[in-house]
Amino acid sequence: MRVLRGVALLLAAAVVPTLASAQTYPSSKDPRNNLKPGRMDAGTTAKNMKLLSFSPKPAQFDTVRGLTFVNSDLAFGTHYVYQANFAGFQIWDIADPAKPVLTSVVRCITSQGDPTIYGTLLFISAEGAGNRNDCGDGGVQDPKDHMAGVRIFDVSNPKAPKLVKNVQTCKGSHTHTLVPSPTDKKVVYLYVSGQQAARPETELAGCKNGTDPADPTNSLFQLDIIKVNIDHPEEAKVIPGARIFTGLDGAGECKQFCEPVSARRAAAGGRGRPAPDPAMPTGPRNCHDVTAYPDQHLLAASCSTHSILVDISNPEKPFRISALADSNNFQGRHTAAFSNDGKKLIQTDEWGGGTGPMCQASSMIELGGNTVITLDAKKQQKQRAYFKIPSQQTAEENCVSHNGGLIPVPGRDLYVQGWYQGGVSIMDFTDADKAFEVGYFDRGPIDPPKPVDVPSAAAANAPPVRGNGNVIGGSWGAYYWNGLVFSSELDRGMDIYELTPGPELSANEIAAAKLVQFKQYNPQSQPTMTWPAAFVVVRSYLDQLVRNGGLATERTSAIDAALTAAEGKSGAARASALRALALQVDKDVAGAKDGARVTKMASEIRRLAAATK
């Protein structure tokens, strides 16, 4: 979670007229509006998903003391969920997802604690000035005790994790992403995104803050890389980083859809901060997150003003393919995701840093949401639709787009993600120009509305307060894994949801998604989703053609009847019926409005016939 934005952005917003009134987006009729507030008894509402279980924070983390004990991200392995916290991590046994069992809690002051699981190794990001090598409380008293980088834990015994090594990096680790070696199964790489300046060389040898992005000794303008032999994690080491920022300029002054001017923030802007170094390049020098798609040798980096696409065919020598800067004020790029075919990207924008209420009636769709990007044959990026949850959140609810992952429905691009106190939302971005919402789960705000008799003049002149004095909570990230949706709730605990059918999501599509299973899942290291041959896969395409009118009704009804008849057969008779149906469907392509989907359905019918014994 990026808490602070650049001074330059504030200044740009202060001098450029805004179009906020023209871009108002939320709906006044959304069921999420005006839910009952409460920490554990808030009102709830849902669409196309339902809450299967809720597990409260363990006592060790159950405090609202600022950001010190908030839950952060999730990683998944076998029947365990690894839930990070700014003060350590917890491991949940979800063999029975209706009743998760807390296996262990590890107290280890780590700031954000971004987690990744690989086999029996758990990697945890550490950033900030207060983390110690020994995980202890009380802050760092001696610089040699300072830990900023990635911690490696052995979780072969999930009841008693052991710290194996602290890998120190110059800028610390806000997040990290695992990239397996394509040539050595015993080696993985961690691409490390640090948000801070390089540490003093007196604290960590070799660290340097420079102004030349091309200088190989400059620690600022690089993505750090850690190489790990999984059989000897104690030997993990930093290798030369990725220099993907060289030659990039800043995005320039905002031209439209600019951040509205906040009187409080404008008054606070620049107070106590040093003036920018005029020799410092204006382009990005850090990324918040990077998301790898190892099967396609690609990495999508979310780097403030820029969306950067990187070739990782050789993980030790990645290089930039293309970079895109938003023409608007979409300058807080946070997290990326690829479509399963690798032809589209999502970039999220963490307007307000995650602590502000950026989903209110006056908010705009072009800030604080998602943008869809398409990739051409040469991997050049083109910006397409914006998406933002259509509810009107209150001033007490920190809300902005945050972390998520794909839902494996064949024929569609669905992305489930957390929106802090905006709840969990599912976006369909199959059409890059018309992203829309498919489902959601939301709770009312943790805090009730403030009394109306607060003197407004005094409030306007008060010092800035994180989250305007509200408790920071909601969904840090929401991910689909092996049939269920998991959400890490910053303040309350962990939610597990089931998808439920409705007009925008059919029972066949939900059943097809459940066929995609992974032994482990780290959302920032994106796996390829594949489906076994199955009737529900074929019927998913059929349901989509009915929904979008892509094929005439008489034909979809006939195909439905033919599938039912085939399903009632077995062995060679079923295979024969399916092959005959595929030939009929081939003829439907020419007259269909959605010929591509009909073609894909015919292909799936043939695959099912071939798999039928």
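See the structure shown above.
Attention in this report is confined to the structure presented alongside it.

Definitions and limits used
- Residues numbered from 1 in each chain as written.
- Predicted model: local features only at pLDDT ≥ 70, side-chain atom pairs only at ≥ 80, totals over all residues.
- Heavy atoms only, no water.
- Salt bridge = Lys/Arg side-chain N within 4 Å of Asp/Glu carboxyl O.
- Buried < 20%, exposed > 50% of the residue type's maximum accessible area, 1.4 Å probe, protein only.
- Axes fitted to C-alpha atoms, helices over the stretch in contact; angles between N-to-C directions.
- Helix = DSSP H or I, 4+ residues; strand = E, 2+ residues; numbered from the N terminus.
- Parallel < 35°, antiparallel > 145°, perpendicular 65-115°, else oblique.
- Left-handed = near helix turned anticlockwise from the far one by under 90°.
- Contact = heavy atoms within 4.5 Å.
- Pairing = 2+ DSSP bridges.
- Nonpolar A, V, L, I, M, F, W, Y, C, P; charged D, E, K, R; others polar.
- Core = buried A, V, L, I, M, F, W, Y, C linked by side-chain atoms within 4.5 Å.
- 1 Å grid on protein atoms, 1.4 Å probe; cavity = no way out; pocket = protein on both sides within 12 Å on 5 of 7 lines; lining within 4 Å.
- Points joined across faces, edges and corners; volume = space filled by probe spheres on them.
- Disulfide = S-S within 2.5 Å.
- Expected span 1.5 Å × (residues − 1).
- Phe/Tyr/Trp six-rings, centres within 6.5 Å; stacked < 30°, edge-to-face > 60°.

## Here we look at the pattern of salt bridges
Charged atoms that come close allow side chains of opposite charge to pair.
Right, on to step 1. All chains considered together, the criterion is met by 27 salt bridges.
Right, on to step 2. Close ionic contact of Arg-492 with Glu-489 constitutes a salt bridge, the shortest N to O distance being 2.7 Å. The pair formed by Arg-492 and Glu-489 is uniform in burial state, with each residue classed as buried.
Right, on to step 3. Within the structure, one salt-bridge network assembled from shared partners comprises Arg-412, Asp-428, Glu-509 and Arg-547.

## Concerning the packing of helix H5 (residues 535-548) against helix H6 (residues 553-567)
The relative placement of two packed helices is expressed as an angle between their axes plus a distance between the axes.
Right, on to step 1. With their axes 10 Å apart at the nearest point, H5 and H6 run at an angle of 165 degrees to one another. As far as their axial angle goes, H6 and H5 are roughly antiparallel. As for the relative orientation of H5 and H6, their crossing is left-handed in sense. Packed against H5, whose contacting residues are Phe-535, Val-538, Arg-539, Leu-542, Leu-545 and Val-546, the element H6 presents Thr-556, Ile-559, Asp-560, Leu-563, Thr-564, Ala-566 and Glu-567 at the interface.

## Considering the sheet that holds strand S10 (residues 162-168)
Right, on to step 1. With respect to topology, four strands assemble into an open sheet ordered S7-S8-S9-S10, the strand pairing being antiparallel. What marks the edges here is a single partner per strand, and that holds for strand S7 (115-118) and S10. The average angle at which neighbouring strand axes cross in this sheet is 20 degrees, direction not considered.
Right, on to step 2. Here four bridges tie S7 to strand S8 (residues 121-126), and the two strands are oriented antiparallel to one another.

## Details of the packing of H6 against helix H7 (residues 571-588)
Right, on to step 1. Between H6 and H7, the least distance of the axes is 9 Å, while the angle of their chain directions is 170 degrees. For the element pair H6 / H7, the angle class is roughly antiparallel. In terms of crossing hand, the pair formed by H6 and H7 is left-handed. Between H6 and H7, the residues in contact are Arg-555, Ile-559, Ala-562, Leu-563, Ala-566 and Glu-567 and Arg-574, Ala-577, Leu-578, Leu-581, Gln-584, Val-585 and Asp-588, respectively.
Right, on to step 2. Residues belonging to the contact of H6 with H7 are distributed by class as follows: eight nonpolar, one polar and four charged.

## Focus: the nonpolar core
Right, on to step 1. Judged by nonpolar contacts, the single largest core of 40 residues is most densely connected at Phe-429, Ile-559, Leu-563, Leu-578, Val-585, Met-601 and Ile-605.
Right, on to step 2. Not counting residues up to four positions away in its chain, the partners in contact with Ile-605 are Val-538, Leu-578, Leu-581, Ala-582 and Val-585.
Right, on to step 3. Of all hydrophobic cores here, the second largest spans 22 residues; its members include Leu-220, Ile-225, Phe-245 and Ala-292.

## What about the environment of Ile-225?
Right, on to step 1. With respect to the helices and strands, Ile-225 occurs in strand S13 (residues 223-229).
Right, on to step 2. By relative accessible area, Ile-225 is classed as buried at 0%.
Right, on to step 3. Setting aside anything within four residues of it in sequence, one finds Ile-225 in contact with Tyr-189, Leu-190, Tyr-191, Lys-237, Val-238, Ile-239, Pro-240, Gly-241, Ala-242, Pro-315 and Pro-318.

## Some details on the environment of Ala-513
Right, on to step 1. In this fold, Ala-513 is placed in helix H4 (residues 507-513).
Right, on to step 2. Exposure remark for Ala-513: the relative accessible area of 0% places this residue in the buried category.
Right, on to step 3. Separated by 104 residues in sequence, Ala-513 and Val-409 have C-alpha atoms that sit 4.9 Å apart.
Right, on to step 4. Filtering out sequence-adjacent residues up to four positions away, Ala-513 remains in contact with Ile-407, Pro-408, Val-409 and Tyr-480.

## Brief notes about empty space enclosed by the protein
Right, on to step 1. Scanning all chains against the criterion turns up six cavities of 30 Å³ or more.
Right, on to step 2. By volume, the largest cavity is sized at about 180 Å³.
Right, on to step 3. Contributions of two or more residues to the lining of the largest cavity are made by strand S15 (289-293), strand S19 (333-338), strand S23 (404-407) and strand S27 (475-481).
Right, on to step 4. Of the residues that constitute the lining of the largest cavity, the class distribution is 13 nonpolar, eight polar and one charged.
Right, on to step 5. Put simply, the second largest cavity is a space of about 100 Å³.
Right, on to step 6. Lining the second largest cavity are 15 residues, and of these Tyr-420, Gly-423, Arg-443, Gly-474 and Glu-489 sit closest to its centre.
Right, on to step 7. Elements with a minimum of two residues in the lining of the second largest cavity: strand S26 (436-443), strand S28 (484-489) and strand S29 (493-499).
Right, on to step 8. The element best represented in the lining of the second largest cavity is S26, accounting for three residues.
Right, on to step 9. For the lining of the second largest cavity, the per-class residue count stands at four nonpolar, six polar and five charged.

## What to know about the state of the cysteines
Right, on to step 1. In the structure shown here, the tally under the stated rule is four disulfides.
Right, on to step 2. Each disulfide pairs two cysteine sulfurs, and for Cys-108 the partner residue is Cys-135, the sulfurs being separated by 2.1 Å. What sets the handedness of the Cys-108 and Cys-135 disulfide is the S-S torsion sign, and at about -65 degrees it is left-handed. Taken as a pair, Cys-108 in the loop between strand S6 (101-107) and S7 and Cys-135 in the loop between S8 and strand S9 (149-154) lie far apart in primary sequence, 27 residues in all. When sorted by exposure, Cys-108 lands in the same class as Cys-135, which is buried.

## Notes on the sheet that holds strand S30 (residues 520-521)
Right, on to step 1. Strand order in the open sheet made by the five strands is S6-S5-S4-S3-S30, with antiparallel pairing throughout. Of all the strands in the sheet, just S6 and S30 have a single pairing partner and so form its edges.
Right, on to step 2. For strand S5 (residues 88-93) and S6, the ladder comprises six bridges, and the chain directions are antiparallel. What sits directly across from Trp-92, in S6, is Leu-102.

## Quick look at H5
An α-helix turns once every 3.6 residues. As a result, residues three or four positions apart point the same way.
Right, on to step 1. Its 14 residues give H5 an end-to-end C-alpha distance of 20 Å, which sits within 8% of 20 Å, the value for a rise of 1.5 Å per residue.
Right, on to step 2. The buried fraction of H5 is high, at ten of 14 residues.
Right, on to step 3. Among all positions of H5, only Phe-535, Val-537, Val-538, Arg-539, Ser-540, Tyr-541, Leu-542, Asp-543, Gln-544 and Leu-545 are buried.
Right, on to step 4. For H5, the secondary structure elements touched by its buried residues are H4, H6, H7 and helix H8 (595-611).
Right, on to step 5. Following H5 by one or two positions, Gly-549 has its phi on the positive side, about 65 degrees.

## A closer look at the packing of aromatic side chains
Each aromatic ring pair is specified by the distance between its two centres and by the angle formed by the two planes.
Right, on to step 1. Within the structure shown, the criterion is met by twelve aromatic pairs.
Right, on to step 2. Between Phe-86 and Trp-476, the aromatic rings sit 6.0 Å apart at their centres with planes inclined by 75 degrees, giving edge-to-face as the arrangement. Of this pair, Phe-86 sits in the loop between strand S4 (80-85) and S5 while Trp-476 sits in strand S27, placing them 390 residues apart in sequence. In this pair, the class of Phe-86 matches that of Trp-476, namely buried.
Right, on to step 3. Put simply, the rings of Phe-76, Tyr-479, Trp-481, Phe-486 and Tyr-521 touch in pairs and so form one group of aromatic residues.

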